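Coordinate analysis (summary)
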Amino acid sequence: MELGGRRGLGLAPGLASATREPPPEPRTVPETRPPGPRAVRARRFLLCLYLVGFLDLFGVSMVVPLLSLHVKSLGASPTVAGIVGSSYGILQLFSSTLVGCWSDVVGRRSSLLVCILLSALGYLLLGASTNVFLFALARVPVGIFKHTLSISRALLSDLVAEKERPLVLGQFNTASGVGFILGPMVGGYLTELDGGFYLTALICFSVFLLNAGLVWLFPWSEAKLSGTKNGLRLGRKPVLPRETDGEVQEAAPTPGAPKSKETAQWAWAEVTWALRDMRSLLFSEMWDIFLVRLLMAVAVMLYYSNFVLALEERFGVRPKATGYLISYSSALGALAGFALGPILRLYRHDSHAVLLHSSALTCTLLLLYSTARSMGVVVLSSTLLSFSTSIGRTCITDLQLTMGGAQASGTLIGMGQSVTAVGRIIAPLLSGVAQEVSPCGPPILGAALALVAIFIMSLNKSRSGGDRIGKLKRE
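In this report, the structure presented in the accompanying data block is examined. Note that the coordinates shown come from a computational prediction; the quantities given were computed from them, not determined experimentally.

Observations regarding the overall build of the protein chain
The secondary structure content of the protein chain amounts to 17 helices and two strands. When the 475 residues of the protein chain are sorted by exposure, 50% land in the buried category. Here the analysis covers contacts within the protein chain between residues at least 6 apart in sequence; of these, 81% occur between residues at least 24 apart. Put simply, the protein chain shows about 22300 Å² of open surface, and 65% of that area lies on carbon and sulfur atoms.

As structure tokens, then:
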């Protein structure tokens with residue numbers, strides 16, 4: 001967490017200063033000073049990032065609930081609809097790590113703009129899709145480049161001190177969650193109109209264009225905040241180090257080569273080295289972190305996979321009422337970001353302990369939901385589950401960044417998203433098999449997977465301490 005000097009909190013709460021400020025003169029009478037203009041600009045930059053996260057999920061959540069209905073209205077069979085639907089997860093699986101690594105190489109500003117604009121193109125094509133082929137084609141740019149939230153989280157991790165990172169990421173998740181709550185309500189209203197899906201897709205396209213404009217107008221030049229891992233600065237390209245004979249060397253272009261060729265060779269070398277480092281981490285020091293992420297992601301996806309159908313079969317609850325319950329749980333999950341700060345202070349900023357206990361709570365609640373005999377128990381389990389899963393997602397991301405401290409944050413977060421994409425592919429298959437046994441089969445299986453994750457975290461708790469973290473940061 002150093003770059004020529006120790007990171008500080010002098011600019012704003014949670015923000016790292018580019019230079020170390022001299023200690024203030026001692027005063028006999030304490031006085032309170034208002035935050036300086038630089039601190040205000042830094043805080044404003046964070047608020048702009050929160051707005052980007054809100055608009056991103058607001059636009060997406062307007063369209064996503066309507067996709068299955070629209071593709072069926074175009075004449076697709078259930079099998080074809082399933083294949084088209086799974087294509088997004090497959091593309092995300094292969095693109096998440098590459099786009100994250102690419103954002104480390106070219107800089108956050110350029111990668112954010114490109115991802116937002118190409119995602120907007122995908123939703124524009126979706127609004128113009130009149131057959132299944134165009135519908136599938138529209139999902140390609142979105143599946144490859146819809147990584148706005150991942151890059152934004154990487155940017156946040158570059159800007160804030162390690163101690164404050166979980167709190168800021170939790171606030172970002174809260175802002176994004178609010179967009180996910182409001183989007184389906186707007187999309188549901190618009191789809192009742194003539195040509196409602198096409199109108200909704202066009203509005204989503206406009207929201208993404210607005211997001212691109214916000215990123216373009218960000219005060220990049222004013223918020224000169226140091227990165228934490230690779231010397232990142234806003235709007236500048238990072239330099240990813242490699243080790244040769246025990247010495248850190250920077251990537252150097254081949255002398256005498258054309259400038260464009262030099263740039264391409266340099267960028268490709270940076271991506272290759274970063275992916276090689278990620279592969280070594282995935283199969284050595286950080287395997288347990290990514291495995292826990294996969295298990296918990298699949299466990300939660302199994303819970304939601306047949307939630308509507310299970311409540312109708314078990315308690316006779318209509319889908320409309322279940323939708324209200326889902327919106328209620330989503331709202332509570334968004335509010336969990338505000339509770340993360342006090343929880344972290346209670347645990348003395350030990351993200352591993354918070355993740356372990358939140359996973360244990362998630363496992364217990366999945367079992368409670370599976371054995372519920374009344375809707376009151378279901379509402380209680382859903383209420384607490386929204387908190388535990390929201391806190392767990394933030395802590396696993398923070399733990400990834402902490403354990404891989406010497407690595408580029410964009411690549412780390414991208415790899416985490418790839419692991420989650422694997423869960424999106426596996427969960428529907430497991431859910432289908434489990435539902436053959438019982439409507440409660442998916443959440444029971446999810447509880448079993450969560451129990452395995454808890455066992456792994458407990459077994460490797462000693463390796464998650466300071467010695468392991470220090471080793472990774474020195475690599």
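Next comes the rest of the account.
What to know about the pattern of salt bridges
When the charged atoms of two side chains lie near each other, side chains of opposite charge can form a pair. Considering all chains together, one arrives at five salt bridges under this definition. The shortest N-O distance in the salt bridge between K146 and D56 comes to 2.8 Å. One end of the pair, K146, is in the loop between helix 5 (132-145) and helix 6 (148-159); the other, D56, is in helix 1 (residues 37-63), and 90 residues separate them in sequence. Here D56 falls in the buried class, since its relative accessible area comes to 0%. Two residues, E312 and R318, come together in a salt bridge whose shortest N-O distance is 3.2 Å. According to the relative accessible area criterion, R318 is exposed, its value standing at 53%. Put simply, D104, R108 and D158 are held in one network by salt bridges that share partners.

Things to note about a nonpolar patch on the surface
Where nonpolar side chains cluster on the molecular surface, the patch consists of L121, L124, L125, F133, L137, V140 and L202 and spans about 590 Å² of accessible area. With respect to the secondary-structure elements, V140 resides in helix 5. Since its relative accessible area comes to 33%, V140 is described here as partly exposed.

A closer look at the nonpolar core
If you look at the biggest cluster of nonpolar residues, it comprises 48 residues, and the most contacted ones within it are V292, F307, L311, L355, Y369 and V378. Mapped onto this core, the elements with two or more residues apiece are helix 10 (287-305), helix 11 (307-315), helix 12 (319-346), helix 13 (351-370), helix 14 (375-403), helix 15 (409-437) and helix 16 (441-459). Here this core gets 10 residues from one element, more than from any other, and that element is helix 10. Leave out the neighbours within four places in its chain, and Y369 touches Y303, F307, A310, L311, R314, V378, S381 and P443.

Here we look at the environment of S152
By the secondary structure assignment, S152 is in helix 6. Apart from residues lying up to four places away in sequence, S152 is in contact with L49, V52, L112 and F172. Polar side-chain contacts of S152 include one of 2.9 Å to the backbone oxygen of T148.

Details of helix 8 (residues 196-217)
The terminal C-alpha atoms of helix 8 lie 32 Å apart, and with 22 residues this matches the ideal 32 Å at 1.5 Å per residue to within 8%. Within helix 8 the residues assigned to the buried category are G196, F197, T200, A201, C204, F205, V207, F208, N211, A212 and V215.

Describing the side chain of S329
If you trace the backbone, S329 turns up in helix 12. Classification of S329 as buried rests on a relative accessible area of 8%.

Focus: the environment of I144
Structurally, I144 can be placed in helix 5. For I144, a relative accessible area of 28% translates into the label partly exposed. Residues I144 and L98, spaced 46 residues apart in sequence, show a C-alpha to C-alpha distance of 9.6 Å. Setting aside anything within four residues of it in sequence, one finds I144 in contact with L91, S95 and V99.

What about the packing of aromatic side chains?
As enumerated under the stated definition, the model contains 10 aromatic pairs in all. Among the aromatic residues, those joined into a cluster by ring pairs are Y303, Y304, F307 and Y369. Positioned above the aromatic ring of Y369 is the side chain of R314, whose terminal nitrogen or guanidinium carbon lies 5.3 Å from the ring centre.

Focus: the packing of helix 13 against helix 14
Here helix 13 crosses helix 14 at 150 degrees, and the two axes come no closer than 8 Å. Relative to helix 14, the element helix 13 lies roughly antiparallel. Once helix 13 is placed against helix 14, the crossing between them reads as left-handed. Each residue belonging to the contact of helix 13 with helix 14 can be placed in one class, and the counts come to 15 nonpolar, eight polar and one charged.

A look at unusual backbone geometry
Positive phi, close to 55 degrees, is recorded for R348, a residue that is not glycine. With respect to the helices and strands, the residue R348 is situated in the loop between helix 12 and helix 13. Despite not being glycine, H349 shows a phi value in the positive range, around 60 degrees. Mapping H349 onto the fold places it in the loop between helix 12 and helix 13.

What about helix 15?
The end-to-end C-alpha distance of helix 15, which contains 29 residues, comes to 42 Å, matching closely the 42 Å that a straight helix rising 1.5 Å per residue would cover. Its maximal kink placed at I426, helix 15 deviates by approximately 30 degrees, while the proline P428 follows within four residues.

The rules behind the values
Residues numbered from 1 in each chain as written. Predicted model: local features only at pLDDT ≥ 70, side-chain atom pairs only at ≥ 80, totals over all residues. Heavy atoms only, no water. Helix = DSSP H or I, 4+ residues; strand = E, 2+ residues; numbered from the N terminus. Buried < 20%, exposed > 50% of the residue type's maximum accessible area, 1.4 Å probe, protein only. Contact = heavy atoms within 4.5 Å. Areas by Shrake-Rupley, 256 points an atom, 1.4 Å probe, with all protein chains shown as cover. Salt bridge = Lys/Arg side-chain N within 4 Å of Asp/Glu carboxyl O. Patch = residues over 30% accessible without salt bridge, like charges linked within 9 Å, V, L, I, M, F, W, Y side chains within 5 Å. Core = buried A, V, L, I, M, F, W, Y, C linked by side-chain atoms within 4.5 Å. Polar contact = N/O pair within 3.5 Å; in protein donor to acceptor, adjacent residues only side chain to side chain. Expected span 1.5 Å × (residues − 1). Phe/Tyr/Trp six-rings, centres within 6.5 Å; stacked < 30°, edge-to-face > 60°. Lys NZ or Arg CZ within 6 Å of the ring centre and 35° of its normal. Axes fitted to C-alpha atoms, helices over the stretch in contact; angles between N-to-C directions. Parallel < 35°, antiparallel > 145°, perpendicular 65-115°, else oblique. Left-handed = near helix turned anticlockwise from the far one by under 90°. Nonpolar A, V, L, I, M, F, W, Y, C, P; charged D, E, K, R; others polar. Bend = angle between axes of the 7 residues up to and from the residue.

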